[in-house]
Amino acid sequence: MNPVILNLQLALHSRTLDRAALLLRASVSVKHPIQGSLAFSNERQYRTMPTHGIGKYKHLLPKEAPKKKKERQQMKQIKTATDAEYGTLNVKVSGYDMIIVEHYSQYIHNLCNRLGVKVAESYALPTKSTEVMVMPEQGTKMYVDAILKTHERIVQFSQLNVTLCPIFMEVMLKNQPEGVQLSVKPHTEADYQARFKARPELEGLMAQIT
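All of these numbers come straight from a predicted model, not from anything done at the bench.

Participant: Let's hear about the pairing of strand β1 (residues 89-95): which residues, and what values?
Facilitator: Of all seven residues in β1, six are buried; the element is thus mostly enclosed. In the sheet, β1 pairs with strand β3 (residues 143-158) via seven bridges, with the strands oriented antiparallel. By the bridge assignment, N90 is partnered in β3 with Q156. Across seven bridges, the pairing between β1 and strand β4 (residues 180-186) is antiparallel. Looking across to β4, one finds that G95 is bridged to V180.

Participant: I'd like a description of a nonpolar patch on the surface, backed by residues and values.
Facilitator: Taken together, the side chains of M133, M135, M142, V144 and I147 make up a nonpolar region of the molecular surface, amounting to roughly 450 Å² of accessible area. Tracing the sequence through the fold places M135 in the loop between β2 (118-134) and β3.

Participant: Provide a residue-level description of the nonpolar core, including the pertinent values.
Facilitator: In this structure, I108, F157 and F168 are the most contacted members of the largest nonpolar core, which totals 17 residues. Only β1, α3 (98-115), β3 and α4 (165-174) provide two or more residues apiece to this core. Ranked by residues supplied to this core, first place goes to α3 with five residues. Contacts of F157, omitting those with residues within four sequence positions, involve G87, T88, L89, V91, C112, V117, K118, V119, A120 and F168.

Participant: So what's going on with unusual backbone geometry? Residues and values would help.
Facilitator: Although it is not a glycine, Q159 sits at a positive phi angle of roughly 60°. Inspection of the secondary structure assignment puts Q159 in the loop between β3 and α4.

Participant: Lay out the sheet that holds β3 with the relevant residues and their values.
Facilitator: The strands that make up a sheet pair up through hydrogen bonds in the backbone, lying either parallel or antiparallel. On the basis of which strands lie adjacent, the open sheet formed by four strands has the order β2-β3-β1-β4 and antiparallel pairing. Strand pairing shows two members of the sheet lacking a second neighbour, β2 and β4, which therefore form its edges. Each neighbouring strand pair of the sheet contributes to a mean axis angle of 20°, computed without reference to strand direction. Pairing of β2 with β3 involves 14 bridges; the strand directions are antiparallel. Considered in β3, the bridge of S129 is made with K149. The strands touched by α3 are β1, β2, β3 and β4; relative to β3, the strand with the most contacts, the crossing angle is about 10°. Packed onto the sheet, α4 meets β1, β3 and β4 and runs at close to 160° relative to β4.

Participant: Please provide a residue-by-residue account of the environment of Q159, values included.
Facilitator: Taking relative accessible area as the criterion, Q159 reaches 36% and is therefore assigned partly exposed. Expressed as a C-alpha distance, the spacing of Q159 and G87, which sit 72 residues apart in the sequence, is 6.2 Å. Other than its neighbours up to four places away in sequence, Q159 contacts K79, E85, Y86, G87 and K118.

Participant: I'd like to hear about the packing of aromatic side chains, residue by residue, with values.
Facilitator: Using the criterion set out here, one finds two aromatic pairs in the structure. Ring centres of Y104 and Y107 lie 6.2 Å apart, and the angle between their planes is 10°; this geometry places the pair in the stacked category. One end of the pair is Y104 and the other is Y107, both in helix α3 and three residues apart, which spans about a single turn. Overall, the relative accessible area of 28% leaves Y107 in the partly exposed class.

Participant: Explain the packing of α3 against α4 to me, and be specific about the residues and the numbers.
Facilitator: Contact pair α3 / α4: the axes reach a minimum separation of 11 Å and the direction vectors enclose 150°. Taken together, the axis directions place α3 and α4 in an arrangement best described as roughly antiparallel. In this structure, the crossing between α3 and α4 has a hand that is right-handed. On α4, the residues touching Y104, Y107, I108, L111, C112 and L115 of α3 are F168, V171, M172 and L173. For the contact of α3 with α4, the residue count by class is 10 nonpolar, no polar and no charged.

About the thresholds
- Residues numbered from 1 in each chain as written.
- Predicted model: local features only at pLDDT ≥ 70, side-chain atom pairs only at ≥ 80, totals over all residues.
- Heavy atoms only, no water.
- Buried < 20%, exposed > 50% of the residue type's maximum accessible area, 1.4 Å probe, protein only.
- Helix = DSSP H or I, 4+ residues; strand = E, 2+ residues; numbered from the N terminus.
- Pairing = 2+ DSSP bridges.
- Patch = residues over 30% accessible without salt bridge, like charges linked within 9 Å, V, L, I, M, F, W, Y side chains within 5 Å.
- Areas by Shrake-Rupley, 256 points an atom, 1.4 Å probe, with all protein chains shown as cover.
- Salt bridge = Lys/Arg side-chain N within 4 Å of Asp/Glu carboxyl O.
- Core = buried A, V, L, I, M, F, W, Y, C linked by side-chain atoms within 4.5 Å.
- Contact = heavy atoms within 4.5 Å.
- Axes fitted to C-alpha atoms, helices over the stretch in contact; angles between N-to-C directions.
- Phe/Tyr/Trp six-rings, centres within 6.5 Å; stacked < 30°, edge-to-face > 60°.
- Parallel < 35°, antiparallel > 145°, perpendicular 65-115°, else oblique.
- Left-handed = near helix turned anticlockwise from the far one by under 90°.
- Nonpolar A, V, L, I, M, F, W, Y, C, P; charged D, E, K, R; others polar.

As structure tokens, this is what we get:
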């Protein structure tokens, strides 16, 4: 047989086989669309289905307790002095340089920790401003030359031993920086009220209500 004719017959036979395979695939996909798509395509049908909570994790976390409202700060009980220990004392540090005042108050706090003195609180008082007025040589009208800001810090501690107090005071005075004032006094209710900034408008409204 002629080789050219043989090649033509093989080509026709392969084409008929391809057409038969295509018709078979089409018939299977019509009868079973999901199976046919899974068998003859790479498309994933579950992409269009609901996720049913896939990726959600909040239900796995423990339930958080409801946040409590922040209560108003109450004054702590003032400890009274005994024969062996002092009561609640306030060390007041004040000065015009805020950095030096802050560092010195931190030094006192660390000193109390080293000596075993129990520190109850350490806080800052509202900054006070002082205007320096100057009168010119000619004229009587005064003008503001400078504004000085006084920064104050309080270190409150208790249970200071009577025998340790002189050593404690001597160490504080020897390390006192220049321009910083130091005072030690018993804690009172007036000292507690001085922590808060005065609000005369609110106090006037409260007085009208009561």
